[in-house]
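Residue-level structural notes
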Amino acid sequence: MKTIWRQSVIRWLLGLTACIVIGFIIKHPLLVVLIYLLGSLYHQLYQLYQFHNWLRYSGKAPPPEASGIWGDIFDAVYRLQKKQRKSKRRMQQALTRIEHSTAALKEGVIMADSEGNLEWWNNSAAHFFGLMRPVDRGQTITNIVRNPDFFRYFTQKRFGEPLIIKSPAKEGVYLEIQTTLYDKNDHLIFIRDVTRLHLLEIMRKDFVANASHELKTPLTVIKGYLETLEMFQDNLPASMQKGIANMSEQSVRMEHLIEDLLLLSRLESNEKGEEDKWYAVTDFTTAIKKMASPILTEQHKLSFDIPSSARLYGSYNELYSAFSNLVVNAIKYSPDGGDILVTWESSEFNGVFSVKDNGLGIDPRYIPRLTERFFRVDKGRSSKTGGTGLGLAITKHVLMHHDAKLQIRSEPNRGSVFSCHFPASRVRNDSIPATDSANTVNPSKE
């Protein structure tokens, strides 16, 4: 490249020198130099015209014949064009393969812009949502999928968790929708048929609910006979007295388990047990303090830091069940005693109910699984604590009913903090009278 420029400059300077010499010979050096400069300018403009005309009208044809710098420019641009066309063909082939492979997927795939306008979808998405080309291209997806849950999910960008809805085009089909944002907040939407899993989940819930209901009757009969035997246990041998005591203890534990299973089934099915109302947070803590007194030891210290003006909107029994489960857990998993502090903090953004203890603590790897049914960090401790293993699962579902989230922070041998975060719409601070709900409590024990 440097050689071409050097040769061109030398050639131009030699021409200019020759013109100056000729001009002095004919005694008109300025005129000759001017003619030479105008000729050079014309040559450059002509080459530029050829270059522009070639790019505009015949970019695919070989470049015009030229020498020097312009010839090198023509050849370089022509090579770049060939390379670009080759790269474009490869990209087009790759895109075609991607489109064909995506079209063959059983899962639906939709691409939409930042406003939710449809740009592209595969055959499965068209099948699930009833999309048609080219009619629906450019349409807003919320106009196609007219589902209130999907509208809130999409407009409020609740993409952290997948959404399950009924198919708007296929009767009896349930779809799981997961959305990812990319580029300039464009949407990549994946759709999966989860009808079978949904039906299995419904069967599981129905089975648990029905089995729990059916177990209540024989358990009531068993408890009745055990209570009768306890009335005459002084007349029974010591070995039978111990057996009857153990059976009574286990029947009570089974009763708590059935009650928790029924409550969890109701929560999972989104059945409202009572109307949401405003309650003073102290309503809950007063009842919890009374409930916790029998299981506290002299080594435990249970204290509350709850503002009297704090108010919470929701279902009393459900919230009481969630809060009491956290307090009971803190007591049970602080076997050697310790400080348990229950607090309430609120701001313009949220309200937080927290239970802090300095008990056994939890290994961080187990924290994501704590709200699973029957999950226990230490399998051998279940008989000692006497819990059902459903307390935190119930707490999680109660908080979901109240648009809230459970946050868990814990370290082994240093204690735990369980925090319930409520949105601002369910929190306020004022001096309304506390609602007397003590008689409506139906606690669920861990």
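Residues numbered from 1 in each chain as written. Predicted model: local features only at pLDDT ≥ 70, side-chain atom pairs only at ≥ 80, totals over all residues. Heavy atoms only, no water.

This part takes up the packing of helix H10 (residues 316-332) against helix H12 (residues 391-401). Between H10 and H12, the shortest axis-to-axis distance is 9 Å and the interhelical angle comes to 140°. H10 and H12 meet at a crossing whose hand is left-handed. Contacts between H10 and H12 pair Glu318, Leu319, Ser321, Ala322, Asn325, Leu326 and Asn329 from the former with Gly391, Leu392, Ile394, Thr395, Val398 and His401 from the latter. (Axes fitted to C-alpha atoms, helices over the stretch in contact; angles between N-to-C directions. Helix = DSSP H or I, 4+ residues; strand = E, 2+ residues; numbered from the N terminus. Left-handed = near helix turned anticlockwise from the far one by under 90°. Contact = heavy atoms within 4.5 Å.)

Let us now look at the environment of Ala238. Position of Ala238 relative to the elements: it lies in helix H8 (residues 238-268). Between the C-alpha atom of Ala238 and that of Ala94, which follows or precedes it by 144 residues, the distance is 83 Å.

A few words now on the sheet that holds strand E8 (residues 310-314). Here we have three strands laid out as an open sheet, ordered E6-E8-E13, and antiparallel in their pairing. The strands lining the two open edges of the sheet, one partner per strand, are strand E6 (277-280) and strand E13 (427-429). Taking the axes of each pair of neighbouring strands and ignoring which way they run, one obtains an average angle of 30° across the sheet. Judged from the four bridges that link them, E6 and E8 form a sheet pairing that is antiparallel. Looking across to E8, one finds that Trp278 is bridged to Tyr313. In the packing of helix H9 (residues 281-292) onto the sheet, contacts are made with E6 and E8, and the angle to E6 comes to roughly 60°. (Pairing = 2+ DSSP bridges.)

The terminal C-alpha atoms of H10, which comprises 17 residues, lie 24 Å apart, in line with the 24 Å expected from a rise of 1.5 Å per residue. In terms of burial, H10 is a largely internal element, 15 of the 17 residues being buried. (Expected span 1.5 Å × (residues − 1). Buried < 20%, exposed > 50% of the residue type's maximum accessible area, 1.4 Å probe, protein only.)

For helix H7 (residues 195-231), with 37 residues, the first-to-last C-alpha span of 54 Å sits near the 54 Å given by 1.5 Å per residue. If you look at H7, its biggest bend is around 25°, right at Lys216, and the proline Pro218 turns up within four residues after that. Within the span of H7, buried status applies to Thr195, Ala209, Ser212, Leu219, Lys223 and Leu226. Summarising the contacts, the buried residues of H7 are in contact with strand E4 (174-182), strand E5 (186-193) and H8. (Bend = angle between axes of the 7 residues up to and from the residue.)

Here the protein averages 82 in pLDDT, and 91% of its residues register 70 or above. Confidence drops under pLDDT 50 across residues 434-446; counting only partners more than four residues distant or on other chains, this segment forms 36 contacts. (pLDDT = per-residue confidence, 0-100.)

Once that is clear, we can look at the pattern of salt bridges. On inspection of all chains with the given rule, the structure shows eight salt bridges. Among the ionic pairs, Asp403 bridges to Arg426, the shortest N-O distance being 3.4 Å. Here the residue Asp403 occupies a position in the loop between H12 and strand E11 (405-411), and Arg426 occupies one in the loop between strand E12 (415-423) and E13, the gap between them amounting to 23 residues. Arg414 serves as the salt-bridge partner of Glu411, at 3.5 Å between the closest nitrogen and oxygen. (Salt bridge = Lys/Arg side-chain N within 4 Å of Asp/Glu carboxyl O.)

Turning our attention to unusual backbone geometry. The step from Arg133 to Pro134 runs through a cis peptide bond, and the omega angle for that step is -10°. Here Pro134 shows up in the loop between helix H4 (123-129) and helix H5 (141-144). Backbone geometry at Asn185 places phi at a positive 60°, although glycine is not the residue there. Positionally, Asn185 belongs in the loop between E4 and E5. Residue classification places Asn185 among the partly exposed residues on the basis of a relative accessible area of 46%.

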